[in-house]
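Structural description and commentary
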Amino acid sequence: MSATLTEQSAQERNKELALSMVASWNRWELQGIIKHWAPDIQHFSEDRQISSKVMVRAMEGGLAAFPDLHLDVKSIVAEGDRVCLRITVTASHQGEFRGKAPSGRKVTWYMLEELRFNEAGQVIEHYDVFNYLPMLKELDLVPADVL
């Protein structure tokens, strides 16, 4: 086998790495995600660039509010050096979230993740988009009839 990965094998490796990060989320082990980040990773949330420090705080806050959260990957696609995941998140509201005291309610939200990998298999760009509307309705933070 050659010392360099073929494009197809790199895509398969990157998909496996992305799924490994999801598995870490599902074990509530943030270090299992962070260890895959390149030192100079760039994060974009809803197209706003944020620092790794802010990203980690957001991840910690999510686990504090929803300590049993579970990510269910509905689809995963790799092209070139990028992997995209379509994910359904389910959790119980067990900690304060957006000023709302814990309700114990089961909630659901949806997310898209795009990860760009370098040749060493480290994430160098991370993009996410969240659809929190179902969860916000379930927590009575927005009216139920909002589309």
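Please refer to the structure placed before this passage.
In this report, we go over the structure that sits alongside the text. (Residues numbered from 1 in each chain as written. Predicted model: local features only at pLDDT ≥ 70, side-chain atom pairs only at ≥ 80, totals over all residues. Heavy atoms only, no water.)

Here we look at the overall build of the protein chain
Looking only at helices and strands, the protein chain features four helices and six strands. Along the chain direction, N to C, the helices and strands of the protein chain fall in the order α-α-β-β-α-β-β-β-β-α. Principal-axis analysis of the C-alpha atoms gives the protein chain an extent of 55 × 30 × 30 Å. The buried share among the 147 residues of the protein chain stands at 37%. At a minimum sequence separation of 6, the contacts of the protein chain that also span at least 24 residues come to 56%. (Helix = DSSP H or I, 4+ residues; strand = E, 2+ residues; numbered from the N terminus. Buried < 20%, exposed > 50% of the residue type's maximum accessible area, 1.4 Å probe, protein only. Contact = heavy atoms within 4.5 Å.)

A look at the layout of surface pockets
Estimated volume of the largest pocket: approximately 760 Å³. Lining the largest pocket are 33 residues, with Trp25, Met55, Met59, Asp128 and Phe130 sitting closest to its centre. Only helix H1 (7-26), strand E1 (37-45), strand E2 (48-50), helix H3 (52-65), strand E4 (82-92), strand E5 (106-117) and strand E6 (123-131) provide two or more residues apiece to the lining of the largest pocket. By residue number, the principal contributor to the lining of the largest pocket is H3, which donates six residues. Partitioned by chemical class, the residues of the lining of the largest pocket number 24 nonpolar, four polar and five charged. As a volume, the second largest pocket reaches approximately 200 Å³. Lining the second largest pocket are 12 residues, and of these Leu5, Ala10, Arg13, Asn118 and Glu119 sit closest to its centre. (1 Å grid on protein atoms, 1.4 Å probe; cavity = no way out; pocket = protein on both sides within 12 Å on 5 of 7 lines; lining within 4 Å. Points joined across faces, edges and corners; volume = space filled by probe spheres on them. Nonpolar A, V, L, I, M, F, W, Y, C, P; charged D, E, K, R; others polar.)

A closer look at the pairing of E4
Remark: a regular strand shows side chains that alternate across the two faces of the sheet. Bridge count for strand E3 (residues 70-79) against E4 is nine bridges, and the pairing is antiparallel. Opposite valine 73, over in E4, you have isoleucine 87 as the bridge partner. In this structure, the hairpin formed by E3 and E4 is closed by a connection of two residues, where glycine 80 is found at a positive phi of approximately 60°. Relative to E5, E4 runs antiparallel, the two being bridged by 11 bridges. (Pairing = 2+ DSSP bridges.)

Describing the sheet that holds E1
In spatial order, the strands read E2-E1-E6-E5-E4-E3; together these six strands make up an open sheet with mixed pairing. The open sheet is flanked by E2 and E3, the only strands paired with a single partner. Within the sheet, the average angular offset between the axes of one strand and its neighbour, ignoring direction, is 25°. Across three bridges, the pairing between E1 and E2 is antiparallel. What sits directly across from serine 45, in E2, is arginine 48. In the packing of H1 onto the sheet, the strands contacted are E3, E4, E5 and E6, and the crossing angle to E3 comes to about 165°. In this fold H3 packs onto E1, E2, E4 and E6, with an angle of close to 70° to the strand it touches most, E1. (Axes fitted to C-alpha atoms, helices over the stretch in contact; angles between N-to-C directions.)

Notes on the nonpolar core
Ranked by size, the top nonpolar core spans 33 residues in total, and within it Trp25, Trp37, Phe66, Leu69 and Met135 carry the most contacts. Listed by contribution, the elements that provide at least two residues to this core are H1, helix H2 (31-34), E1, H3, E4, E5 and helix H4 (133-138). In contact with leucine 69, other than residues within four places in its own chain, are Trp25, Asn26, Trp28, Gly62, Leu63, Val89, Thr90 and Ala91. (Core = buried A, V, L, I, M, F, W, Y, C linked by side-chain atoms within 4.5 Å.)

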